[in-house]
Amino acid sequence: MPDLDDYTQQALDHICYLSERIGPRGSCTLAERQAAEYVAEQMRTADARNVQLEPFWGAPSTYRPYLLAFAVALFGTLAVWLVRERWMMAVAAVLSALGAWGMFAESDLATSWMRRLLPRAASRNAVGVLSPTGEVKHRAVLCAHLDTHRTPVFYSSTTWYLVFTLLVGGSFVSMAVAALAYAMGALFDWSWVRWIGLVAAVPQFLAFILCFQADLTPFTAGANDNASGVGVALAVARRLAVEPLAHTEVWLALTGCEEVGAYGGAAFLDAHTAQLGPDAVHIILDEVGSGRVRYLTADGLIRKRKTHPRVLALARRAAYELPKLKMHGQVGIAYTDALVATKRGLVALTLNTLPSPLTNDNLHWHRTSDTLAHVDPDALADTHVVVWQLLQQIDHISAEGNIKQ
Ligand SMILES: [Zn+2]
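Just so it is clear, the model here is predicted, and its values are computed rather than measured. (Residues numbered from 1 in each chain as written. Predicted model: local features only at pLDDT ≥ 70, side-chain atom pairs only at ≥ 80, totals over all residues. Heavy atoms only, no water.)

Q: Describe the coordination of the zinc ion, listing the residues and the values that go with them.
A: In an ideal tetrahedron of four donors about a metal, each angle is 109.5 degrees. In an ideal octahedron of six donors, the angles are 90 or 180 degrees. The protein atoms that coordinate the zinc ion are H145 (NE2), D225 (OD) and D286 (OD), at distances of 2.1 to 2.3 Å. As a motif over one chain, the donors of the zinc ion read H-x79-D-x60-D. With D225 in helix α8 (residues 223–242) and D286 in the loop between β5 (281–285) and β6 (294–299), this pair connects stretches of sequence that are 61 residues apart. Of the residues examined, D286 reaches a relative accessible area of 4% and is grouped as buried. (Donors = N, O, S within 2.8 Å, 3.2 Å for Na, K, Ca; no water. Helix = DSSP H or I, 4+ residues; strand = E, 2+ residues; numbered from the N terminus. Buried < 20%, exposed > 50% of the residue type's maximum accessible area, 1.4 Å probe, protein only.)

Q: Break down the environment of S131 for me, citing the residues and quoting the values.
A: Note that S131 resides in the loop between β2 (121–130) and β3 (138–145). Taking relative accessible area as the criterion, S131 reaches 38% and is therefore assigned partly exposed. Considering only alpha carbons, one finds S131 and A241, 110 residues apart in sequence, at a separation of 8.8 Å. For S131, the contacting residues outside a window of four places in its chain are R49 and P244. At 2.6 Å, the side chain of S131 forms a polar contact with the side chain of R49. (Contact = heavy atoms within 4.5 Å. Polar contact = N/O pair within 3.5 Å; in protein donor to acceptor, adjacent residues only side chain to side chain.)

Q: Break down the packing of helix α2 (residues 30–45) against α8 for me, citing the residues and quoting the values.
A: Interaxial distance between α2 and α8 falls to 9 Å at its minimum, and their mutual angle equals 20 degrees. In terms of their interaxial angle, α2 and α8 are classed as roughly parallel. Relative to α8, the crossing made by α2 is right-handed. Where α2 abuts α8, its residues V39, Q42, M43 and T45 lie against V230, L234 and R238. Looking at the contact of α2 with α8 residue by residue, the classes come out as four nonpolar, two polar and one charged. (Axes fitted to C-alpha atoms, helices over the stretch in contact; angles between N-to-C directions. Parallel < 35°, antiparallel > 145°, perpendicular 65-115°, else oblique. Left-handed = near helix turned anticlockwise from the far one by under 90°. Nonpolar A, V, L, I, M, F, W, Y, C, P; charged D, E, K, R; others polar.)

Q: Provide a residue-level description of the pattern of salt bridges, including the pertinent values.
A: Should the charged atoms of two oppositely charged side chains come close, the side chains can pair. One pass over the full model with this rule turns up 14 salt bridges. We note a salt bridge from E41 to R44, for which the minimum N-O separation is 3.3 Å. Remark: R44 and E41 occur in helix α2; sequence separation between them is three residues, near one turn of the helix. E41 gets classed as partly exposed once you look at its relative accessible area, which sits at 45%. (Salt bridge = Lys/Arg side-chain N within 4 Å of Asp/Glu carboxyl O.)

Q: I'd love a proper account of the nonpolar core, names of residues and values included.
A: It is characteristic of soluble globular proteins that their nonpolar side chains tend to be buried jointly. Residues L254, I283, L285, L351 and L391 are the most contacted members of the largest nonpolar core, which totals 62 residues. Among the elements that take part in this core, α8 stands out by supplying 10 residues, more than any other. Those residues within four positions of I283 in sequence are excluded, and the remaining contacts are V141, L142, C143, L349, L351, L390, L391 and I394. In terms of nonpolar packing, the next biggest core, distinct from the first, is built from 26 residues, Y66, V72, F154 and L363 among them. (Core = buried A, V, L, I, M, F, W, Y, C linked by side-chain atoms within 4.5 Å.)

Q: Explain the packing of aromatic side chains to me, and be specific about the residues and the numbers.
A: By the definition in use, this model includes 15 aromatic pairs. Ring geometry for Y63 against F154: centres 6.0 Å apart, planes inclined by 75 degrees, an arrangement best described as edge-to-face. Here the residue Y63 occupies a position in the loop between β1 (49–58) and α3 (64–82), and F154 occupies one in the loop between β3 and α6 (158–188), the gap between them amounting to 91 residues. With respect to burial, Y63 and F154 carry one shared label: buried. Residues Y155 and Y161 carry aromatic rings whose centres are separated by 5.9 Å and whose planes lie at 35 degrees to one another, so their mutual orientation is tilted. Accessibility expressed as a relative area gives 10% for Y155, which makes it buried. The rings of Y63, F154, Y155, Y161, F164 and W365 are connected pair by pair, giving a single aromatic cluster. Just above the ring of W388 sits the side chain of R239; from NZ or CZ to the centre is 3.9 Å. (Phe/Tyr/Trp six-rings, centres within 6.5 Å; stacked < 30°, edge-to-face > 60°. Lys NZ or Arg CZ within 6 Å of the ring centre and 35° of its normal.)

Structure (structure tokens):
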């Protein structure tokens, strides 16, 4: 019977294929499609049934919505200086409010006016199902995204990342403040609020420039983000073919378009939540190729949404059962595919091995250096062990909801 080393080697082989043979896998690109076809084939070799590529409409860019939000708000500020009329301040208030709303909605993966305006493009998830030996009493989903991010300058160092983080918050607050100021200006005919709008425009303009630059950069090969998650998921699938669970049906959802707003995660839930039911445990593997395994206690870019308590209890139990791994929880720094599930009240947990980019300059996150050379087999093995432990726990949940020994 294969051992952990064999499964780790399988994960590494998948990472090698995805990051080097296929290479950078931008959302909605041909390479993303090739990755989906490759993993579907691998699922079939792991005896998964109902293996399918499930098409959906995704988005080709994560930065265009933010560019649009900033552009709209900046246009309002420009307009109040060009047309010094009271009514123009009312227009600028609406435009800044639209910018703030659009930016917040996009960061929370919600539909807003921007998603209706921006172009969509075709993407697909690869989905398959692994059956247990006995009657199905539980369901789990192993999810990892196939697409890779661009390599903007603001991910290139901790200093840049800090500047970017401040600008994300600053530009959002500035649009909200400008909306309020212009509204007051229009209401009371205070023409001096234009100066508030001008100061507020500074972070918006800087964020606009950075997002514009970001959209011109090449995609990363994404060995850690997120061929690592895909590799571990496929290796676990192979193990399930050899050592199937007793009562837990395991679904594989290898998604497209996560980096641009978790469109693949949302499409998977749209298509399958009814079949999976509200109690299915969704385990999301996102960047598990370097460092110590952690689970997210909250997920999101601006608004952090708390992980479902039921799956947090499972994670804490796994940490207790695997003391050597010293696994602990942390708040996520950006969104993952778990966010769309958590927003729908579902039971979803993200595992990663990513320390804070503010304290660690050696992450290769969203950089051209995110290559196989920087993937640590030990991190893959640890993640495999944690996923296996979680699946065992789920398989042993009693009818009363307790985990049987
Ligand atoms: Zn990722």
